[in-house]
Amino acid sequence: MADQPDPPPALPGTTPPAAPVRWLLIALAVTSLVLGIVGLFLPVVPTVPFILLSAWAAARSSPKLLAWLEAHRAFGPMLTEWRRGGVVRRRAKWLTTLTMSGSAVFMLLTFPKRWMALVVIAVMVCVLVWIWRRPEKMPDAVPPAP
């Protein structure tokens, strides 16, 4: 029987997914990564949520892809800060706000029905409120209790 590659190590406290689930998670990770990269160039496509989704799926399916994402010059710090404290830097908050504002104007000018644009804009406002409530820097270490 031919040697088969070892399955990726599981996340702590979990069992490795079955092969079909693993391949679906890898496909989700790669697709999300591509959409995140596209979002760097197209203001209508968000980058950060797709990169976070890619890292989530890679953590469950592809240690190599996760290691690449975490070591990436642009994505690595964002992922580390998110994992350690749900941090979203102020610059990212402003870029997100500007991008969503531009998208809102675009939708108001191009959607055939105004109510459709308003529904999407309402969702974007909820997301922006949530993003702006996230911490902007890592919390200081809390000294141990005496």
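Scroll up a little and you will see the structure.
Residue numbers restart at each chain and count upward from 1, following the sequence in its written direction. In view of the model being predicted, local features appear only for residues whose pLDDT reaches at least 70, and side-chain atom pairs are presented and counted only at 80 or more, with totals across whole chains, interfaces and linings using the full set of residues. To obtain the side-chain values, all non-hydrogen atoms of the structure were included, while hydrogens and water were left out.

(A) Layout of the overall build of the protein chain. Elements are defined by DSSP. Helices are runs of H or I of four residues or more, strands are runs of E of two residues or more, and each kind is numbered from the N terminus. On a plain count of helices and strands, the protein chain comes out with six helices and zero strands. Along the protein chain, from the amino end to the carboxyl end, the secondary structure elements read α-α-α-α-α-α. In this scheme, a residue with accessible area under 20% of its type's maximum is buried, one over 50% is exposed, and one in between is partly exposed, where area comes from a 1.4 Å probe on protein chains only. Relative to its full complement of 146 residues, the protein chain shows a buried share of 28%. Restricting to contacts in the protein chain with at least 6 residues of sequence separation, those with at least 24 account for 57%. Only heavy atoms matter for contacts: two residues are in contact if any of them lie within 4.5 Å across the pair.

(B) Seen up close, the pattern of salt bridges. The working definition used for a salt bridge is a side-chain nitrogen of Lys or Arg within 4 Å of a carboxyl oxygen of Asp or Glu. Under the definition given, this model contains four salt bridges. For Glu136, the salt bridge identified is with Arg90, shortest N-O distance 2.9 Å. Of the two residues, Glu136 sits in the segment after helix H6 (114–132) while Arg90 sits in helix H5 (residues 90–110), which places them 46 residues apart along the sequence. Here Glu136 falls in the partly exposed class, since its relative accessible area comes to 28%. Among the salt bridges present, the one from Glu136 reaches Lys93, with a minimum N-O distance of 3.3 Å. In this pair, Glu136 sits in the segment after H6 while Lys93 sits in helix H5, placing the two residues 43 residues apart along the sequence. Residue Lys93 is classed as buried on the basis of its relative accessible area, which comes to 1%.

(C) Summary view of the packing of aromatic side chains. Side-chain rings of Phe, Tyr and Trp, where Trp is taken by its six-membered ring, are said to pair if the distance between their centres is within 6.5 Å; with planes under 30 degrees apart they count as stacked, over 60 as edge-to-face, and otherwise as tilted. Within this structure, the stated rule accounts for two aromatic pairs. Ring geometry for Trp94 versus Trp132: centroids 5.0 Å apart, planes at 75°, classification edge-to-face. With Trp94 in helix H5 and Trp132 in helix H6, this pair connects stretches of sequence that are 38 residues apart. Since its relative accessible area comes to 30%, Trp132 is described here as partly exposed. Any Lys NZ or Arg CZ that is within 6 Å of a ring centre and within 35 degrees of that ring's normal is treated as a charge sitting over the ring. Above the plane of the ring of Trp23 lies Arg22, whose end atom (NZ or CZ) is 5.5 Å from the centre.

(D) Region of the structure containing helix H4 (residues 75–85). The complete set of buried residues in H4 reads Phe75, Gly76, Met78, Leu79 and Glu81. Residues of H4 that are buried make contact with helix H1 (19–39), helix H2 (48–61) and helix H3 (63–71). Gly86 lies just past H4 and shows a positive phi near 65°.

(E) Representation of the packing of H2 against H3 in the model. Orientation of H2 relative to H3, taken along the N-to-C sense of each, is 140°, at an axis distance of 7 Å. Considering the angle they form, H2 stands oblique to H3. Viewed along their axes, H2 and H3 form a crossing whose handedness is left-handed. Only Pro63, Leu65, Leu66 and Leu69 of H3 make contact with H2, whose side of the interface consists of Ser54, Ala55, Ala58, Ala59 and Ser61. Of the residues belonging to the contact of H2 with H3, the class tally is seven nonpolar, two polar and no charged. Axes, fitted as lines to C-alpha atoms, cover a helix only where it is in contact. Angles between the N-to-C directions of the axes lie from 0 to 180 degrees. Any angle that falls under 35 degrees is termed roughly parallel, while one over 145 is termed roughly antiparallel, one within 65 to 115 roughly perpendicular, and all others oblique. Take the far helix as your reference; a near helix turned counterclockwise from it by less than a right angle gives a left-handed crossing, and one turned clockwise gives a right-handed crossing. Residues were grouped as follows: Ala, Val, Leu, Ile, Met, Phe, Trp, Tyr, Cys and Pro as nonpolar; Asp, Glu, Lys and Arg as charged; and all remaining residues, including Gly, as polar.

(F) Expanded view of the nonpolar core. Throughout, nonpolar core names a set of buried Ala, Val, Leu, Ile, Met, Phe, Trp, Tyr and Cys residues whose side chains join them through atoms within 4.5 Å. If you look at the biggest cluster of nonpolar residues, it comprises 15 residues, and the most contacted ones within it are Leu33, Ile51, Ala58, Leu65, Leu69, Phe75 and Leu79. Looking at this core, the elements with two or more residues in it are H1, H2, H3 and H4. The leading source of residues in this core is H2, at six residues. Ignoring any residue separated from it by four or fewer positions in sequence, one finds Leu79 in contact with Ile51, Leu52, Ala55, Leu69 and Glu70. Counting residues in hydrophobic clusters, the runner-up holds seven residues, among them Ala104, Met107, Ile121 and Met124.

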